[in-house]
Amino acid sequence: MTFFTSVVAGAMKKINGKFLKQLNLLITGIMIFTQVVSGQYFNTGQDPSSLKWLQIKTNNFTLIYPDNYGQAGIDLARTLEISAERISSVFPQKKVRLPIVVHNFSTTSNGYVSWAPKRMELFPVKEQDALPGNQDLLLCLHEYTHAYEMTSLNTGFTKMMSTILGQQFTGVVSSLLPMWYLEGNAVVSESVFTNTGRGRSASFQKELKAFSVEKKSYKYDKMLNGSFRDYVPDHYQYGYQIVAWVMTKYNSSIWNNVLDFTGKYPFSVIPVNISLNKQTGLTKRKLYNEAIDSLEVSWKDETKDNQHYTAINKAKKGEFINYFSPLFAGNDSIIAIKTTMSDTPELVIINTLSGEEKTLHRLGYVYPFRIDYGGKKITWVENIQDPRWQNRSYSVVKIYDLVNRTTRSLSRKTRYMSSAISPDGRTICSVENTPDNRNNLVFLDAVTGKIVKTIQSPDNLYLQRPDWSNDGNKITTIFLTDDGEGILSFAPANNLWLTELEPQQDDIQSASLRNDTLFFSGSLNGNENVFIKTGNNITQITDSEFGAVDPDVSSQKMIFSNYSSEGNEIAISDIKALSVSIAGSLKPLISRLENVMNVSTNEDFSSGSRYQPTPYRKWQHPFNIHSWMPFYADIDKIQSDPLSVRPGFTILSQNTLSTLETSAGYEYTEIGEHILHSKILWEGIYPVIDSRIDYSFPSLVLSGNQYTGLKYRGEISLPLRYSSGWFSQYLRPSVAIEHFSNVNRIGNEYNVKLTNFNLRLFFSNYSRTAVRDLFPKWSQTVDFNYIISPFNKDLFGTTFFFRSSFYFPGVFNDNSIRIRLNTEKQDQPKFYLSNSISYPRGYKMIVSKELSSATFDYYFPVAYPDFNISSLLYLKRIRSGLFYDYSRGTGNRHLVNSASGVYYIDVPEAETFRSYGFELISDFHLFRIPFMISAGMQAAWTDLSGRPVISAIFNIDLYGFSLGK
């Protein structure tokens, strides 16, 4: 240690101050770029610590999965091999090998590829709106495309820099690729390598289609950055259209060339545009315009003869509002799920005579949006997160009673994926999927929630969207196989299953029996419509422009959700057959893609390698060093203070199961000290243990001396997350200990060891936020802290502080009120420590022994400009806030910075501090970077001066770089 530090010190003394500043700015620039565009070190969370794990190793991957997943894990390994083989045909020069982790305890289907550290994570539960065919194959093809995209970047300059910075640099370079390309390209893969996939789905393209036909597709920058004013389809949808269209018009290898050029020349700043311009003569924006303009022509031609349906919901007046799953609730009422950009999903009841609409209940996390009605009760399922383990969730049955207007949960810690209530309101039928992939129909008592009986599905078929017949004698459910989707019925009286519709490649969204007639919505004609099946005859009964789904029948009337550019409308129609052909559309874009890519969609999974799983022992895999830096950066600190980068080095590790994160580094400080850092974050057991050691640290108080010292901080916490419908709660009790081996005061008046204990309890309760919400409509947060130094009572005493904040809806929609109440008391025999609660805005350089404060803020949006200046700036929102702050402090010390030096004035009596003012903030994007930046100014008038104190406001939302499903 002594030899190392002396050598480094000698070298650093030769670096003059100017050069050191320049080096620091350069490093800071690198880290800001790294943080902004890659958002390091993505962590999806942990699985229950009690799980035992298995692994399967192949030439392409190491598959790691819980042992209870059983045969499904072996089947998934075979699917991954097939996926790797197919995707590698598109990237013939590349080889990918990475760990793949399966999280089968989640009730939400998803997948991620992350590159710091490099891995794939799969959440393989099937969705209730799953497309026909093998869902594991669709998921694996999509995620493997991302893995090959990332690997393709690791060439030339990127490969060289990855040697210096590790896996994180590939993540940096990937940010130069638009997300619409990365996800759109993956949708292309899942579509052309199977007979299904989102590229073949009518529901996937209907939003863009409706905008193109009824309005006009948005400009490129608005599609790219989104909007608070208007609904914008996501980058998966328009990304697929651009990627596929460019491949069919120009060259199927065009995007591979873009990847190669970007990896070799990321320093060109706009490598994608340079490569595209060389190959097509056009930029990203111009290709977007060309692709969308071409699609608009064909879409307008497709819809010109479709039927128009009148909406029975309230006029939307230009707002994007969706009504999902409309149901008759008596002679003159309809219930439905409603979503807007200003409000979270809610149950509403609509009077069909007066048009009056009332909110019954705000929903928690519900997807897909589906409800059922019977016996004056409404039922649905909500996703509930496990309090501790992020990768375990549940799906529980909720029921709302229209008579007494109450809501309750009928199940707990269950995996009921969808539910339906009998016409008499006595029995609920739910489809269940267990972590070991067993599929059942479960019948529950609608009053007690007790299980009446459980019936396993035939051949363990995955079931979707159950529905009772109008006489209550049968239940229809959509079933999913590798051959597609079909419809089953089940008679509870004799436990008899019957196939109502054989599996097919067309997507089916809902099915119900009414007087022996099967009603279902599906994409049999290349567009979503409602059909009936009587005997062996299938007849189309709607002719929607963009999509008709969720039909409900009463007598000879039918209501359904009919899509438009302003969202789903509730439409009503007589039940009568239309003379419309139901032959499937040619889907010309997919047909052309298949021709240019020349791929096979053979889905024979019966043959292939035989796999022998072996145990995966967590204790044998504690470390996975993935990135390193030739400078020191505290990843937690740099997000709030980018200038905290220092000369030195940093090494980062995160194991494959994301249970242990470690880092180590060396820092050379501005005053010439040498500090060794180490940190361990262990999240593999129920409490979280966070520990760090810093050797040779700056003085706790003011010091100009260099010395050797050690600082240790350890914390045990229990982060618990709960959800109860519209609200979510977060509870985090913690105990921390800090030990300083050497605390100096100027002149060595004090030279002691110091040990602090910090007891903390943090709790928050907050409502879900809508797109336009500046803050939650309702929220309460309290934070108790107690700090004591039991072994140094003659120097250090105790500190207690309490912070709280409360949010309320404002006068108008999207407005928000915040009230904060804080108090602090420190009993320090020798020292003034910095206050943990803030003074009124505009006041600085004051410390108090006792301090209490109250603040009031009113926030509101000013405008949604959606204004851009080429690719430089996209202004998304302008917002403002008015505030009033009040504080009262006792035992105050005012720090004065004068021309003669810095000194302080002690004021023993109580003082009052007040300020008021406003904030003006804009939310915008720079250079088409996907992270929104918030910046503006704050003006505060205080009691000290008639002039306002002006300060800058800056914030950027950074999060983990990952590519999802």
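Residues numbered from 1 in each chain as written. Predicted model: local features only at pLDDT ≥ 70, side-chain atom pairs only at ≥ 80, totals over all residues. Heavy atoms only, no water.

## As for the overall build of the protein chain
Moving on, step 1. For the protein chain, the count of helices and strands is 15 helices and 49 strands.
Moving on, step 2. Across the 965 residues of the protein chain, 57% fall into the buried class.
Moving on, step 3. Considering only contacts within the protein chain whose residues lie at least 6 apart along the sequence, 57% involve residues at least 24 apart.
Moving on, step 4. Accessible surface computed for the protein chain: about 41300 Å², of which carbon and sulfur atoms make up 54%. (Helix = DSSP H or I, 4+ residues; strand = E, 2+ residues; numbered from the N terminus. Buried < 20%, exposed > 50% of the residue type's maximum accessible area, 1.4 Å probe, protein only. Contact = heavy atoms within 4.5 Å. Areas by Shrake-Rupley, 256 points an atom, 1.4 Å probe, with all protein chains shown as cover.)

## Points about the environment of Ile421
Moving on, step 1. As for its position among the elements, Ile421 is in strand S14 (residues 416–421).
Moving on, step 2. Look at Ile421 and you get buried, because its relative accessible area is 1%.
Moving on, step 3. Along the backbone, Ile421 and Gly375 are 46 residues apart, and their C-alpha atoms lie at a distance of 8.3 Å.
Moving on, step 4. The residues touching Ile421, leaving out its near neighbours within four places in the chain, are Asp372, Tyr373, Gly374, Lys377, Thr379, Ile399, Thr427, Ile428 and Trp468.

## Considerations on empty space enclosed by the protein
Vacant regions in the atomic arrangement are exposed by a probe of water-molecule size rolled over the atoms.
Moving on, step 1. A full pass over the atoms with the stated rule returns nine cavities of 30 Å³ or more.
Moving on, step 2. By volume, the largest cavity is sized at about 170 Å³.
Moving on, step 3. In terms of lining, the largest cavity is formed by 15 residues, of which the most central are Arg370, Asp467, Ser510, Asp550 and Pro551.
Moving on, step 4. Every element with two or more residues in the lining of the largest cavity is listed here: strand S6 (321–328), strand S18 (462–468), strand S22 (508–514) and strand S26 (548–554).
Moving on, step 5. The residue makeup of the lining of the largest cavity, split by class, is five nonpolar, three polar and seven charged. (1 Å grid on protein atoms, 1.4 Å probe; cavity = no way out; pocket = protein on both sides within 12 Å on 5 of 7 lines; lining within 4 Å. Points joined across faces, edges and corners; volume = space filled by probe spheres on them. Nonpolar A, V, L, I, M, F, W, Y, C, P; charged D, E, K, R; others polar.)

## Remarks on the packing of helix H5 (residues 156–165) against helix H11 (residues 254–264)
Moving on, step 1. Close contact between H5 and H11 brings their axes to 4 Å; oriented N to C, the two are set at 50 degrees. By the angle between their axes, H5 is oblique relative to H11. On H11, the residues that touch Gly156, Phe157 and Thr158 of H5 are Thr262, Gly263 and Lys264.
Moving on, step 2. Looking at the contact of H5 with H11 residue by residue, the class counts come to one nonpolar, four polar and one charged. (Axes fitted to C-alpha atoms, helices over the stretch in contact; angles between N-to-C directions. Parallel < 35°, antiparallel > 145°, perpendicular 65-115°, else oblique.)

## Things to note about unusual backbone geometry
Moving on, step 1. Omega for the bond connecting Ala116 with Pro117 falls within 30 degrees of zero, at 5 degrees, which places this linkage in the cis form.
Moving on, step 2. Secondary-structure assignment places Pro117 in the loop between strand S4 (110–115) and strand S5 (118–123).
Moving on, step 3. Backbone torsion omega between Tyr367 and Pro368 reads -5 degrees, so that peptide bond is classified as cis.
Moving on, step 4. Looking at the secondary structure, you find Pro368 in the loop between strand S9 (357–362) and strand S10 (372–374).
Moving on, step 5. Its identity is not glycine, yet Asp866 carries a phi of approximately 50 degrees, on the positive side.
Moving on, step 6. The buried category is assigned to Asp866, whose relative accessible area is 12%.

## A look at the nonpolar core
Moving on, step 1. Counting residues in each nonpolar core, the largest one holds 85 residues, and the members touching the most others are Leu63, Leu80, Tyr144 and Trp255.
Moving on, step 2. Counting 19 residues, the second-largest nonpolar core is a separate cluster that includes Ala420, Leu463, Ile475 and Phe490. (Core = buried A, V, L, I, M, F, W, Y, C linked by side-chain atoms within 4.5 Å.)

## Considering the sheet that holds strand S21 (residues 496–504)
Moving on, step 1. Spatially, the four strands line up as an open sheet ordered S18-S19-S20-S21, and their pairing is antiparallel. Only two strands of the sheet have a single partner each, and these edge strands are S18 and S21. On average, each strand axis in the sheet is tilted by 20 degrees relative to the strand beside it, whichever way the strands run.
Moving on, step 2. Pairing geometry for strand S20 (residues 484–491) and S21, over six bridges, is antiparallel. Bridge assignment links Phe490 to a residue of S21, and that residue is Trp497. (Pairing = 2+ DSSP bridges.)

## Re the pairing of strand S1 (residues 53–57)
Side chains on a regular strand alternate between the two faces of the sheet.
Moving on, step 1. Sheet topology note: the S1/strand S29 (residues 614–616) ladder contains three bridges and is antiparallel. By the bridge assignment for S29, Trp53 is matched with Tyr616.
Moving on, step 2. Bridge count for S1 against strand S2 (residues 61–66) is five bridges, and the pairing is antiparallel. Across the sheet, residue Gln55 finds its bridge partner in S2, namely Ile64.

## Re the pattern of salt bridges
Moving on, step 1. According to the stated counting rule, one finds 47 salt bridges in the structure shown.
Moving on, step 2. The residue Arg928 makes a salt bridge to Asp221 at a minimum N-O spacing of 2.9 Å. In this pair, Arg928 is assigned in the loop between strand S46 (911–926) and strand S47 (933–942) and Asp221 in helix H9 (residues 220–225), connecting sequence segments 707 residues apart. Asp221 carries the same exposure label as Arg928, and that label is buried.
Moving on, step 3. The salt bridge partner of Lys557 is Asp574, with a shortest N-O separation of 2.6 Å. Separated by 17 residues along the polypeptide, Lys557 in strand S27 (residues 557–564) and Asp574 in strand S28 (residues 567–574) bring together distant segments of the chain.
Moving on, step 4. Look at the salt bridges and you will find they share partners, linking Arg818, Arg820, Arg841, Asp857, Asp885 and Glu919 into a network. (Salt bridge = Lys/Arg side-chain N within 4 Å of Asp/Glu carboxyl O.)

## A word on the packing of helix H4 (residues 135–153) against H11
Moving on, step 1. For the pair H4 and H11, the least separation of the axes is 7 Å and the interaxial angle reads 45 degrees. The orientation of H4 with respect to H11, classified from their angle, is oblique. Within the contact between the two elements, H4 uses Glu149, Ser152 and Leu153 and H11 uses Leu259, Thr262 and Gly263.
Moving on, step 2. Residue classes in the contact of H4 with H11 are distributed as two nonpolar, three polar and one charged.

## Focus: the pairing of strand S3 (residues 98–102)
Moving on, step 1. In terms of burial, S3 is a largely internal element, five of the five residues being buried.
Moving on, step 2. The alternating pattern of S3 places Leu98, Ile100 and Val102 and Pro99 and Val101 on opposite faces, both of which are buried.
Moving on, step 3. Sheet topology places S2 next to S3; four bridges connect them, and they run parallel. Counted as the bridge partner of Phe61 is Leu98 from S3.
Moving on, step 4. Each parallel crossover has a hand, and the one from S2 via helix H3 (residues 71–88) to S3 is left-handed.
Moving on, step 5. Pairing geometry for S3 and S5, over three bridges, is parallel. Of the residues in S5, the one forming a bridge with Val102 is Leu122. (Right-handed = clockwise from strand over helix to strand, strands pointing away.)

## Quick look at the confidence of the model for the protein chain
Moving on, step 1. For the protein chain, per-residue confidence averages 88 on the pLDDT scale, and residues scoring 70 or more make up 90% of the total.
Moving on, step 2. Note on residues 1–40: pLDDT is under 50 here. Beyond four places in sequence and across chains, it has 59 contacts.
Moving on, step 3. Here residues 700–706 is a poorly scored stretch, pLDDT under 50, and it has 15 contacts once near neighbours within four places are set aside; other chains count. (pLDDT = per-residue confidence, 0-100.)

## Let's talk about the environment of Leu761
Moving on, step 1. Its location among the elements puts Leu761 in strand S38 (residues 751–767).
Moving on, step 2. Setting aside its immediate chain neighbours within four residues, Leu761 contacts Leu731, Arg732, Pro733, Val782, Asp783 and Phe784.

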